[in-house]
Structures are given as C-alpha cells and as structure tokens.
Amino acid sequence: MSPRRLAASVALLSALVGAEGPAATPNEPPDTSTPGAARARSFDELSALVRDPAGPAVIELDAGVHRGDLEIRRPVTLRGRAGAVLEGTGTATVVDIAAHDVTLEDLTIRRSGRRHTAEDAGVKAGGERVRVVRVRVEDCLFGVSLAQCKDCLIERAHVLGRDDDAQLRGDGVKLWEAHGSIVRDTTIERSRDLVVWYTRRAVLEGNTVRAGRYGSHFMYAHDAVVRKSRFEGNVVGVFVMYSARVDVEHNLLAGARGAAGIGLGFKDSDAVTVKGNWMVGNTVGTYLDNTPRVPTQPVILEGNVIALNDVGVRLHSSERGVRVTGNDFHHDATLVEVEGGGDALALDVRGNRYSDYEGYDLDRDGTGDVPHEVKMLSRELTESRTSLKLFQGTAAMGLIDAVAHALPVFSARRLWVDPSPLTQRPSIAQP
Amino acid sequence: MRAPILVVSTLLATGLAAALFVGCENQHEKKKALGTGALGASANIQDLMKARGLSEADVEAALKTYVPSGKMDEYYIFASGGQSGNVNVIGVPSMRMLKVIGVFTPESWQGWGYGGDSDQILEQGNQGKHKIRWADMHHPNLSETKGDYDGQFLFVNDKANARVAVIDLADFQTKQIVTNPLAASDHGGAFVTPDTEYVIETSQYPAPLGRDYAPLSEYKDKYRGVAVFWKFDRQKGRIDRDKSWAMELPPYTQDLADVGKLDSDGWLFINSFNTEMAVGGTLEGKPPIESGASQNDMDYLHVINWKKAEQLVTAGKTKTIAGMRVLMMDVSSAEGVMALVGEPKSPHGCDVTPDGKQLVIGGKLDTHTTIYDFAKMKALIEQKKFEGKDHYGFPIMAFKEAISGQVEVGLGPLHTVFDDKGNGYTSLFIESAVAKWSYKDFKKPVEKLKVHYNIGHILSAEGDTVSPDGKYVVAMNKMSMDRFLPVGPLYPQNFQLIDLSGEKMRMLMDMPLANSEPHYSQMIKADKLKPLKVYKPGTNAHGEIDPNKPEGGKEKIVRNGSKVDVYMTAIRSHFTPDQIEVEEGDDVTIHITNLETAEDQTHGFTIDMYNVNVSLEPGKHENISFKADMAGTYPMYCTEFCSALHLEMAGYFLVKPKKKLGGTPMSENVSGGEQIGRREAAPGGDGHVHLQLAEAKPKAVAPARPRWDWARWPTVTLAISALALFGLSYRQVWWKFWLYAPQYPNGLKLQISLTGMGGDVHEIDLLNHYIGMKHLADAAPTERQLGGYGVAAVAVITLVLLAAAGKKLNKFVALPAIAFPLGFLADSFYWLYSFGHQLDPRAPLRMSPFTPEMFGNGKIGQFETFAQPSIGFWMAVAGVGCAIASALLRSRVCDNCEHAETCGAVCPRAMVLPEKKGT
C-alpha cells in the first residue's frame, strides 16, 4: 500500500472510530451530567429507582420510548436525555406526582388514558415546588394538572392536545389550589382550556395558547398576573371570573371569533389592570360584566390597542369604576355596546385615540378640541331590529349616521364620551 | 367653487330624504300595526306612546299580555315560593298573581296554621324535636297521567327540612306533608313518574342515613345520598308511607333529577356536583367545599333503573332504616340497578326531552349543554361495556359513548325546557341569557335572548311533559336591579315572560316576585284544572265530611268536666252561638261550619288575643282547639269581609276566672303563676322545673328539709371578704389613662384612685390649660373628701343587712356593694363629661366639646389616648362578686330556715345563730 493510501485509510478509519467516540455531538449530553445521578435504561429501572425511598436524587432517563405509568412519591429530579420518551399505557395518568421538590426535565410524555371522570393526564402533580421544565406533552387527555401544588413551576413546556372535538378534549394546563405557581414560556395547542381556579398569586408569563377553547380561564384566582403571552385563535382569549387584583399586561389576544368570541373578558372581578395589550380581530375585544363590583377597587384599561374587533368594548350593564385612558381604538366595527339598554357614561374615559374621530386639533397639542362621542342613529335601529346589522359598515348606514350628525333632528342616545381624544396614535409596542 | 357645494348639498339632501324615509316607514309601520280605521282614534295611541315613552315593541308586548276585565288567562303557573314556604299561583299571559297557597308556612289570611285543622297537617311536617314552620321550597311538580299534566295534584319539596307536601288542586289546599326519615336535606324533588305512581325526592347534602351522628373524617364510609320513592295513592289523594321505599346513593351531593318517559320510562336520572367528596374545613386552612367540589372536570350522572329497583324492593332485598325500606348500595351495584357516567363541570340541570330519548345536562361552569342518548346508555348497561368502577362498585360508562353531542350555548348553562318544535331552551346564569337550540339538529344555530338578570330556572308551557305547548317561556331571574322601583336592600326576583310565537324569541314583560325566591315552576293549560267553587257542606281541611259538623238549627255547647265542645255555624251575618262562656282552664274545641252555598262567600273567624284565625269558604268546616288559659272578655268576629253587616257578625267569648283557694295568697294575673308550696328550679337533665310541695305546717313527724344551715358561715365570710377587698382597693389605683403624642413618645400617664390622682398631673394640667379645661385637682372635690366615709358607710350597711335582714329584705343585702363600683364609674363618667363640656371659651385653642374615652382607645386633639381600669377597680369587681355570692348563699339559707314562713323584715337568728335542736 502506498503511504498516501495508508494515510487515507487511517484517516478514514479514525474518522469512523472518532464518530463513535465519547466526544459529544452538540445535541447529546455527557454520560451523566450530574455526579451522583443514576441512569435508567428502561421503564422498569426507572420505576424501581423512583420507588426506592433511599434512591438517587437525580435520575437520567435514556433515549428511547419507555412504556409505563410512573408514580413519584419522593423528592427526585427526573431528567431525560435527548430522545427520551415516557409513554403511558393509555389507561391512566402517565406521571403521577404526590411529593415535594420533584423536577421533570427534558422529557416527552405521551399517551395518557382517556377517562374524563378520572382526568387522565400527562402529568398530575400535588405537593410543593414541583417543576416541569422543557417537557413536551402530547396525545394526552389532560396535559399538566397541578392540584394543591404550591409554588410549582411549568416552564418551556409544550402541550399538544389530541385532534378531538374541542369539547371532548381535556385541559392543557390545570391549576387548582396551586398557590404561587408559575407557568412560563410554555406553548399549549389544541387543548381545551388553561384553567387557574382557586389559586392565588399565579403567574402566567410568556406563554402561547393556540386553537383552544379558553386561552386562560381564571376563577377565584386573586393576585394573578398574565403577561407577555400570546392567545391566538381560541374561542375566548382570557376570561377572569370572581377574582381580584389581576394584572393583564403586554399580551396579544387575537382571533377569538365565533358567536361568543371574546379577547379578554371579566366577570364579577375587582382591581383589574389591563395595560399594553393588543386585542385584535376578536368578536368582542374586551367584555366587562359587573367588574369592578365595588367602584373603590377600580379597573384600569390603559395603553391597549383594541383593533379590528366586531365590538371594541362590551359592557354587561352600565358599569362604573372603570378608567379607560391612552388606548388606541383602531377600526373596530363598533366601538362600544352596552347590554340591557345602559350606557358607558359612568366610565372615566379620556385621552384615547379613535380611528373614526371626526374632530380637529387647532392648537396642535395632540389632543382633539372636541370630545369624541359615540352616538349613532344607526345603532338605535340595529338594536331594535338586529337583522339590520347586516348593513353595518355599508354606505346606507354611514349615510344615516352622517345625516344624524349634520342635522340632529332625530336624537340618538349618547353611549360613550371622551373629552380629550388623542389625535396621534399612541405608540404601544406589539407584545 | 360651486361644484363642491352642489355635491355636498345633494348628498345631504339625499341623506335627509333617506333618514326621513326611514322615519316615515316607522310611522307607517306603526299605523299599519295598529289599524288606523279599526281602532278609530289612533292619534290617541300615538300620544300615549309618546307621553309614556313607549316604543312600538312595547305596545305589541302590552297587547300580547293584557287580559281585560272579565277575560281569563290561558295558563296557570305554579311557582315555588322559595323560602316563603308557600306556592305562588300566577296567570299567563297577564303575569298576575292569582293566589298564594299555604303549604309549609302558616298563612293567616287562609287560616293556614292558626288554630284550625290545618295545624294537624303542619304538625305532620315536624322533623326531629322542632315544629318547623318555614321551608326552602324548590320544585313544584304537577301530577301526570301518561306523561301529561292532569291538573289534579301538585307536589312540592322542602330542601332545608327534607319534606314533601301534597296539594289538592280541587281546592288548592295542602292535604299532607310527609317527612323524609333518611335525608338531612333534599333538592331533587319533587319529581313524578309518568303516571304519578311515585313522587321522587332525592337528597342534596350527604349525611348518614337517618341523620345519625358521624364525624366528617368518616364521610366516605358513613355519609350517603338517598333517593326516596314516595308511593302516591291517587284515589285517596295521599302519599302512602308504608308502600314507599328508598335507594341508598353514594355521597356525591346529588343535585337535580328527572324521570324518564316514553322510551326512557322506568328510568331515573340524577346529577351530582361533589364527587370529589370535599367537606370543607376553612378554619383549618382546607379549601372550602366551593373549591373542593369544583376540582374535578366531571361529576357523575346517576342512571337508575327504578323499575328494577322496585322489583328488588318488592322481593324484600332491603334494609329497614328509620322505619323505611332501603335498597342498599351493595345490592343495587350487584344487581346492575345503577350506572354512572361523567357529566361536565359541576352540573345542575337534568332534563329529559319530550320524546324521552335524550337527556340534557347543563354544567354550571361550562359553555355547552351536553346531551346524552338514552338508547346508547341502555345498550352500554345491557352489554356491560364500562370503563371502570367507582369507589362503591358502581360501573362507569365512557363519556364519549354515552352522549349524542354537545351544543355551545354560552356561559353557565343550568336548566333546559322544551317546546313543541324540537327546541330546547337553556337558562344561562353567568351570561344572563336564554339560549334556544335544537335537540334534533345540533348544528342549527343557537339563538340567544338577554334576560335581566342572572336567570336560574326556566319554564315553558307544559314544557316538562311529553307534549309541550310552545308559545311561552318564562325566565326566572335571580337579580332585578334597575328593573323595578327601589324597595330597600332586599330586591324582588324577576319573572320575564318570553313570546315564542314569532321567528325569534321576544321579551314581553317583567313580573316582580315580591314575597319569595321562586326556584322552579310549571305552567299548565288553564282548562285542565277544574277546581271546586264551593265545598260540600261540612268538608274539613282533610277533604272529608267532618263527623263534628253541626246542622243548621242544631248548634249547641256541650260541657264535659273541663272539656267544652262548641258546635257552631256561620252564615250571613251571624254566628250561632254568638255567646260562649267557659271557665278558665277549660279545653275548648269549636267545631264551626260555613253554611253558605254561594260562590266567594267566605267568612273568617277569630277570637281576640287567642291567636286563632280560620278561613271558612262556603261549606268549609274547621275544628279549633285551644286552652282557655286567660280569664277575661274576648270578642269574636268574622275577619273576612262578607256582607253589608259584616261588622255586626260578631259575638263574645267569655272566660270566667277560677275561684281562689282559701289560705295561701295567690299571685294574680301571671301566666303559669306560682303555685302553692315552693318551687325549686332543679337544672339538669331535662331542664324542667320541678315543683316541690311542702307541707303547710310543720308536724311532729315532718319530712326532712334540705340542710342549708352549713352555709351560714360561708355567707358571712364571703361578705366580709367583699368588704375587705373594697377596703384594700381604697388605696389602689382604680383607673389609668395614657396620652400619646409625637412630643411625648413615652406618653403621659394619669392614675385615678379613690383618694386622688397620680402620674403626670401637672403636665396634663398645663396642656389642658390651652384648651380651656379646668385643673384636674378640681375634679370631684366632694367625692374625694367624702370617699373614705362612703366606703365605711357601705361596709356598715352591708354588715347590718347581713346580720339583721329578714327574708323580705334579702334582696337588698348585696346592693350597697354592687352600687359602690358602679357609683364610681358613673361618677367618673360624669366628671369626664363635665370637664370636657365646660371648656373655657377664652382658651387659645378651640376644641369642640368632647368626653374623654374611659375604655380603650380615644383621641383628644393630636393625642391618642388609651384608658383602662386598674387593680383597684378589679379588686372592687372581685368584691362585688363575693357580695353577690354571699347574697345568693344567704337566700338559700333563708329559704330553708326553720323560720322561713314567719320571717319578716328582721332575721331572728342574726344569720349566725344556730337553729334550735330538734327541727
């Protein structure tokens, strides 16, 4: 063999050998990244290690599909290596945790049972400081369910529901009595709801919820925060019931269509702050029902973009104790609707920008010189004959409204008055 | 230049024309609708509309609901009266109240529960130890024949006290109340089977059967739900307790029920909302039941084959608990009598469609109604295809396999009723709306109508039967703010009548329910009811001809020892007899019949002060029993306006006082007054007062007297301790005041005692000077001077009374001691008040008059004050305690002293001398 050929063969050989060497490829973690961590190669091994009360604090699960339903009853960290999949038997919850300080990381969990009555889930946890991080849950009835799970965390998880009829799916994430828990940077798709019930101090941050029923549903969830999240194409973006001191900030709530579509809805809640959100392309941008219950616990709608909705703001009846300032009402088909024949005159409305503002600003101070009033004759007609809504947005209706403005022979009720409307669009960053 | 103006003006003109056209169209519409010619003065109607601010829609609604004088409504609504415990009867479409039927709660106009025979029916409803005279009525149900209302009977439940009442619609009177011996509360009731074989009552909050005690830690094992099947005997018009039976259910907090019909005849469906079995524990930091019961995504719908259960009961496979035969869970699960299936989100309503093929469930926190297919469920049960079992061994059907589908209706669906066109009408509580959808075609768009506000139950014309009428739906709303004139914080509930005759639902009118929170109601065609106009002469409250009914002309008063029976009649405008005289203490029964035969000729009857009132409809008979325990003169009269001489329809009921017995003086005019002899209150066990009769005179061989003599020295000792405490307190501080301000971070102190004041008196005086308050030293000068003598006087008087007071003066022994600290308090307050209100007007700082706070926190200017009693006061209080104890002991001793009868104002023994030997 010539020296060149030998060198080439050696090079080829070492390349082949090198490929299997211990040098890690970028995606593969070392053998055990934590000293003292145990390695589980199969489901049975994993189960045994977990069940052992004196077992290791950290367990790494090998790549591959491991079939079985896991019960965790002691503090432990379960970490999956790339390609580790925990597949349930399809008859029950896949990972059932009843312990404190349990962490699930870097796993794919799938195939739970399908029993609604037992709420078969990908992960079910109760305890304190349970963490579910970088976990992918798919093909499960319920995604991650935290019940009486205090200070728990779901971070960078991905829950993908089944392709069932929306009603027959389970909830992607469920928090019940999970005070102080956090759901962060998580994506939930095709599930039913993300529910936060009877849970205080919940934080939902940086999440994306898509194609579900309720993007988030809060009930008796006081001191909750929803921020920097995206709710797209759900039936309702976020709905808050019977909760106090809720902050909804810098979220995108879009595409809630359908007869009951609402971007952001509140019922019987107090001390609510809605700031910097974009509510775009929903049937109703924001819905307020008896919120606040007490005018001394006010609702603040400040600096939001409410655009391209069928109705910008809908009120259940004449609400009071709501402050609406600095918002950008941009091309909503109807700015405001009040049910029950009431009006929005008791709201503290000022300094908003309206795309259909017809006033002027002679002194160029950025604030219109005449108030912006919503008072449409055509609305009176559509209220008593709802079939006329078909003509909304057409020239015919526009003509009627123009005439009413020019020749106020027929008085129409005032619904909404902003004494100092902005003439420039406020800059509100897209969440 | 002209062109733009031309364009603009043309546009304006066109627009104006358009608007005017639209406006004119409206006018034309109105004219057409009202038929100018037919009504004649249509201009008047326009004026009326303008004057009252009515729209065309309002006028249409008025025309659809107004029932002119002399014309009748089309339907009756029998509405529960909620916590009023009675039934409201309302006419449709006028939405006028026609009647209130007395059921569980006494109603004096009808003479329901005020002395007549109705008392016996109300007594049937007693539970446990209590006379229950109110109810939380929920669901009236009319009797059915072949699944259709027959207008004969009405059954209602009482949630709070687990009872069912039977109302006879022949005369709209309650005839029977049965008490549930097993459950502690019911909700799923009353529901009737298609031929009213059974009236069904299912429990709500679980409890051990028979309501025995069991701690909540044993909830899973001991607490149970129950479904009672009351057998109804239509001939007798009564529930037959002996033929009734019950089924034990798991403690899932059952809610509403509905009975199957046609295809599902023989089956019963009950939903539940607490399959989590949460029991609360809020004080212990556990989640409340509200949260615990909402944890699970689904609860269990119970699907029960009651015909099979009935067979097992007839075969004797029951256990008798609290006198009722119960089919226990182990038997019913083994025999396949009941299966479970999931129902979403804390469900409430449970409604079978008119064809009996489907069952509609509304989940309180859901956005959809869920429709279950009966044929599918029956097949699953027969083929035993289940997905698991619950804790008690009952099989669970798979949700997806049991349903025919779900319809998105809106937020918070509760109850569903039906019309004759295959539509369901579901009440949406959270959204305040009614949703109309089709149970024959789930894809049909849902139509919604807003209601005001927060609808609970919903009803439609004959909507629970196999053949609903359509035509009307009534929304029974819980909240009515801004609907009616304000009447204070308790708002009426609101029934809203909805018209189904058009393509879309249309709100017609509001009706305030001013006396109740009605839960459920049923609407029945008016011509199905054939109530009596008058009674057969002598009919009593039980619907029978009373054996004691007097004939006209044969009235009499019969005396038998202390029992008096009066056989009376009433007819315009007199009573016979109209003079009744009895002796005090007699047991009187008045048997009275109204002899009238004409419609609406009702007489009332009352005897002043005796708390009786009965209502005598034509032919009605009442038996009124009471004890004539008050001597005196009591007019009796007709209470229901009956004739021109109604006021003259009166008489006298005279009660002769009992003769006094010779010898011992009697107390006068006391109800249950003192009897001869002594009365000993012996607290313990049954808490009754035991009467102990003592012999009139001491004899040689006398029964032993309780020996209280040993208490003499303790009495004296206690009294002397009291005085010692007072003496000791003399020098102590009685009250302390602190005043805090930024300039005085450690505060200023003021201590008050009987002799004077201590603390920062000078500093406080300086400050007080600025607001014009007098010097503290000037306070209570006389009191401080004479304080010592006062205490001495109290001591001396107490000792004298202690030694010398006879039985008559016993009560005064402790008075001086009690008066002492009270006097201090009153005096202090007086001086504080006086100082605070006599501020010198020339003072540099002006303050409005005030009284410094004596107890706890107060504020004077910028000073935060705090005051509390101190050791001296507490010693005085202790002294008072001793004084009172001493007085009590002393009275015991006196009562049992040998001189008790003859003792006057002076004690012959000076309290301390021993008794004579031999007594």
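Residues numbered from 1 in each chain as written. Chains lettered and ligands numbered in written order. Predicted model: local features only at pLDDT ≥ 70, side-chain atom pairs only at ≥ 80, totals over all residues. Heavy atoms only, no water.

1. Digging into the overall build of chain B
Thought 1: Assigned secondary structure in chain B consists of 16 helices and 49 strands.
Thought 2: Summarising the internal contacts of chain B: among those between residues at least 6 apart in sequence, 61% fall at separations of at least 24. (Helix = DSSP H or I, 4+ residues; strand = E, 2+ residues; numbered from the N terminus. Contact = heavy atoms within 4.5 Å.)

2. Some details on the side chain of Asp-268 of chain A
Residue and element names in this part refer to chain A.
Thought 1: Residue position: Asp-268 is located in the loop between β26 (262-267) and β27 (270-275).
Thought 2: Taking the relative accessible area as the measure of exposure, Asp-268 reaches 11% and is therefore buried.
Thought 3: Separated by 3.1 Å, the side chains of Asp-268 and Lys-267 make a polar contact. (Buried < 20%, exposed > 50% of the residue type's maximum accessible area, 1.4 Å probe, protein only. Polar contact = N/O pair within 3.5 Å; in protein donor to acceptor, adjacent residues only side chain to side chain.)

3. As for the nonpolar core
Thought 1: If you look at the biggest cluster of nonpolar residues, it comprises 79 residues, and the most contacted ones within it are Leu-46, Leu-86, Leu-104 and Trp-416 of chain A.
Thought 2: Considering each element in turn, this core owes the most residues, four residues, to strand β8 (residues 102-110) of chain A.
Thought 3: Residues in contact with Trp-416 of chain A, not counting those within four places in the same chain, are Val-324, Phe-329, Leu-335, Val-336, Ala-344, Leu-345, Leu-347, Val-349, Tyr-354, His-372, Glu-373 and Val-374 of chain A.
Thought 4: Among the nonpolar cores identified, the runner-up in size contains 53 residues, and Tyr-198, Met-298, Ala-309 and Met-397 of chain B belong to it. (Core = buried A, V, L, I, M, F, W, Y, C linked by side-chain atoms within 4.5 Å.)

4. Here we look at unusual backbone geometry
All names here are of chain B.
Thought 1: Along the chain, Arg-572 connects to Ser-573 via a cis peptide bond; the corresponding omega equals -25 degrees.
Thought 2: One can find Ser-573 in the loop between β34 (563-571) and β35 (574-576).
Thought 3: The omega torsion across Thr-576 and Pro-577 is -5 degrees, close enough to zero to call that bond cis.
Thought 4: Among the structural elements, Pro-577 can be located in the loop between β35 and β36 (579-583).
Thought 5: Backbone geometry places Arg-211, a non-glycine residue, at a positive phi of 65 degrees.
Thought 6: One non-glycine residue, Lys-471, adopts positive backbone phi at about 70 degrees.
Thought 7: By secondary structure assignment, the location of Lys-471 is in strand β29 (residues 470-477).
Thought 8: Here Lys-471 falls in the partly exposed class, since its relative accessible area comes to 43%.

5. Some thoughts on the confidence of the model for chain A
Thought 1: Residues with a pLDDT of 70 or more make up 86% of chain A, whose mean pLDDT is 86.
Thought 2: Across residues 16-30 of chain A, where pLDDT falls below 50, the model places four contacts with residues more than four positions away in sequence or in other chains. (pLDDT = per-residue confidence, 0-100.)

6. Side note on helix α15 (residues 815-837) of chain B
Residues and elements named next belong to chain B.
Thought 1: Taking 1.5 Å per residue as the helical rise, α15 with its 23 residues ought to reach 33 Å, and the 32 Å between its terminal C-alpha atoms agrees with that figure.
Thought 2: When the local axis directions of α15 are compared, the greatest deviation, roughly 25 degrees, occurs at Pro-821.
Thought 3: Those residues of α15 lying buried are Pro-816, Ala-817, Phe-820, Pro-821, Phe-824, Leu-825, Ser-828, Trp-831, Leu-832, Ser-834, Phe-835 and Gly-836.
Thought 4: Where α15 is buried, its residues touch α12 (712-729), β45 (733-741), β46 (744-753), α14 (781-804) and α16 (871-895). (Expected span 1.5 Å × (residues − 1). Bend = angle between axes of the 7 residues up to and from the residue.)

7. Digging into the state of the cysteines
Thought 1: Within this structure, the stated rule accounts for one disulfide over all chains.
Thought 2: Note on cysteine connectivity: Cys-149 of chain A is disulfide-linked to Cys-152 of chain A, with sulfurs 2.2 Å apart. Disulfide Cys-149 of chain A-Cys-152 of chain A: torsion about the S-S bond near -85 degrees, hence left-handed. Each of the two residues, Cys-149 of chain A as well as Cys-152 of chain A, counts as buried.
Thought 3: The closest cysteine sulfur to the non-disulfide-bonded Cys-642 of chain B is located on Cys-638 of chain B, 3.8 Å from its own sulfur. (Disulfide = S-S within 2.5 Å.)

8. Brief notes about the sheet that holds strand β8 (residues 186-192) of chain B
Residues and elements named next belong to chain B.
Thought 1: With respect to topology, six strands assemble into an open sheet ordered β8-β9-β10-β11-β16-β15, the strand pairing being mixed. A strand with exactly one partner marks an edge of an open sheet, and here the two such strands are β8 and β15 (319-321). Along the sheet, successive strands turn relative to each other by an average axial angle of 25 degrees, direction set aside.
Thought 2: With eight bridges joining them, strand β10 (residues 225-233) and strand β11 (residues 238-249) adopt antiparallel strand pairing. From the neighbouring strand, Phe-229 faces β11, where its bridge partner is Trp-245. (Pairing = 2+ DSSP bridges. Axes fitted to C-alpha atoms, helices over the stretch in contact; angles between N-to-C directions.)

9. What about the interface of chain A and chain B?
Thought 1: Contact with chain A, which involves 40 residues of that partner, is made by 40 residues of chain B.
Thought 2: Regarding the contact of chain A and chain B, the summed buried area is about 3,500 Å², with carbon and sulfur atoms giving 61% of it.
Thought 3: Of all residues in chain A, Thr-117, Gln-167 and Trp-176 of chain A bury the most surface against chain B, accounting for 16% of the area lost on that side.
Thought 4: There are one salt bridge connecting chain A and chain B.
Thought 5: Across the pair Asp-297 of chain B and Arg-192 of chain A runs a salt bridge, and its minimum N-O distance is 2.4 Å.
Thought 6: Taken together, the connections running from chain A to chain B amount to nine residue pairs in polar contact (both at pLDDT 80 or more).
Thought 7: At the level of elements, β11 (142-150), β14 (173-176), β20 (214-219), β23 (236-241) and α4 (395-406) of chain A are the ones that each hand at least two residues to the side of chain A that touches chain B.
Thought 8: Considering each element in turn, the side of chain A that touches chain B owes the most residues, four residues, to α4 of chain A.
Thought 9: Partitioned by chemical class, the residues of the side of chain A that touches chain B number 20 nonpolar, seven polar and 13 charged. (Buried area = accessible area lost by both parts, 1.4 Å probe. Salt bridge = Lys/Arg side-chain N within 4 Å of Asp/Glu carboxyl O. Nonpolar A, V, L, I, M, F, W, Y, C, P; charged D, E, K, R; others polar.)

10. Focus on the packing of aromatic side chains
Residue and element names in this part refer to chain B.
Thought 1: Counted by the stated rule, this structure contains 39 aromatic pairs over all chains.
Thought 2: Ring centres of Phe-626 and Phe-653 lie 5.6 Å apart, and the angle between their planes is 55 degrees; on these two criteria the pair is classed as tilted. In this pair, Phe-626 sits in strand β40 (residues 621-627) while Phe-653 sits in strand β42 (residues 650-656), placing the two residues 27 residues apart along the sequence.
Thought 3: Residue Phe-653 is classed as buried on the basis of its relative accessible area of 0%.
Thought 4: Taking 6.3 Å as the distance between ring centres and 75 degrees as the angle between the ring planes, the aromatic pair formed by Trp-831 and Phe-835 counts as edge-to-face. In this pair, Trp-831 and Phe-835 both sit in helix α15, four residues apart, roughly one turn of the helix. No difference in accessibility class separates Trp-831 from Phe-835, as the two residues are buried. (Phe/Tyr/Trp six-rings, centres within 6.5 Å; stacked < 30°, edge-to-face > 60°.)

11. Examining helix α4 (residues 56-65) of chain B
Thought 1: All buried positions along α4 of chain B are accounted for by Val-59, Ala-61 and Thr-65 of chain B. The buried residues of α4 of chain B occupy an angular sector of 160 degrees when projected down its axis, which confines them to one face. (Arc of directions from axis to C-beta.)

12. Some details on the confidence of the model for chain B
Thought 1: Confidence in the prediction of chain B, expressed as mean pLDDT, is 87, and 90% of residues score 70 or more.
Thought 2: For residues 31-39 of chain B, every residue scores under 50 in pLDDT, and the model assigns this stretch seven contacts once sequence neighbours within four places are set aside.

13. A closer look at the pattern of salt bridges
Thought 1: This structure, assessed with the given rule, holds 71 salt bridges over all chains.
Thought 2: Ionic pairing is found between Arg-67 of chain A and Glu-87 of chain A, a salt bridge with its closest N-O pair at 2.7 Å. Here Arg-67 of chain A is found in strand β3 (residues 64-67), whereas its partner Glu-87 of chain A is found in strand β6 (residues 84-87), with 20 residues between them in sequence.
Thought 3: Classification of Glu-87 of chain A by relative accessible area gives buried; the value is 7%.
Thought 4: The partner of Lys-175 of chain B in a salt bridge is Asp-168 of chain B, with the nearest N and O atoms 3.7 Å apart.
Thought 5: For Lys-175 of chain B, a relative accessible area of 3% gives the class buried.
Thought 6: A single salt-bridge network, built from bridges that share partners, covers Asp-171, Arg-192, Asp-193 and Arg-213 of chain A together with Asp-297 of chain B.

14. As for the side chain of Thr-202 of chain B
Residue and element names in this part refer to chain B.
Thought 1: Here Thr-202 lies in strand β9 (residues 198-203).
Thought 2: Residue Thr-202 is classed as buried on the basis of its relative accessible area of 0%.
Thought 3: Excluding anything up to four places from it in sequence, Thr-202 contacts Asp-186, His-187, Gly-188, Val-226, Ala-227, Asp-255, Ala-257 and Ile-270.

15. Structural notes on the sheet that holds strand β25 (residues 423-428) of chain B
All names here are of chain B.
Thought 1: Strand order in the open sheet formed by four strands is β24-β25-β26-β27, with antiparallel pairing between adjacent strands. Whereas interior strands pair on both sides, the edge strands pair on one side only; in this sheet they are β24 (413-418) and β27 (447-450). Averaged over all neighbouring strand pairs, the angle between strand axes comes to 25 degrees, with direction disregarded.

16. Focus on the packing of α12 of chain B against α14 of chain B
Each packed pair of helices is defined by two parameters, the angle between the axes and the distance between the axes.
Residues and elements named next belong to chain B.
Thought 1: Look at α12 against α14: their axes get within 10 Å of each other, and the N-to-C directions meet at 175 degrees. Considered as vectors, α12 and α14 are oriented roughly antiparallel to each other. Contacts from Thr-715, Val-716, Ala-719, Ile-720 and Leu-723 in α12 reach Val-794, Ala-795, Thr-798, Leu-799 and Leu-802 in α14.
Thought 2: Looking at side-chain class alone, the contact of α12 with α14 contains eight nonpolar, two polar and no charged residues. (Parallel < 35°, antiparallel > 145°, perpendicular 65-115°, else oblique.)

17. Focus: the packing of α12 of chain B against α16 of chain B
All names here are of chain B.
Thought 1: Two elements in contact, α12 and α16, have axes whose closest approach is 8 Å; the angle formed by their N-to-C orientations is 160 degrees. The angle between α12 and α16 places the two elements in the roughly antiparallel class. When you trace α12 past α16, the crossing you get is left-handed.
Thought 2: Tallied by class, residues from the contact of α12 with α16 come to 16 nonpolar, six polar and two charged. (Left-handed = near helix turned anticlockwise from the far one by under 90°.)

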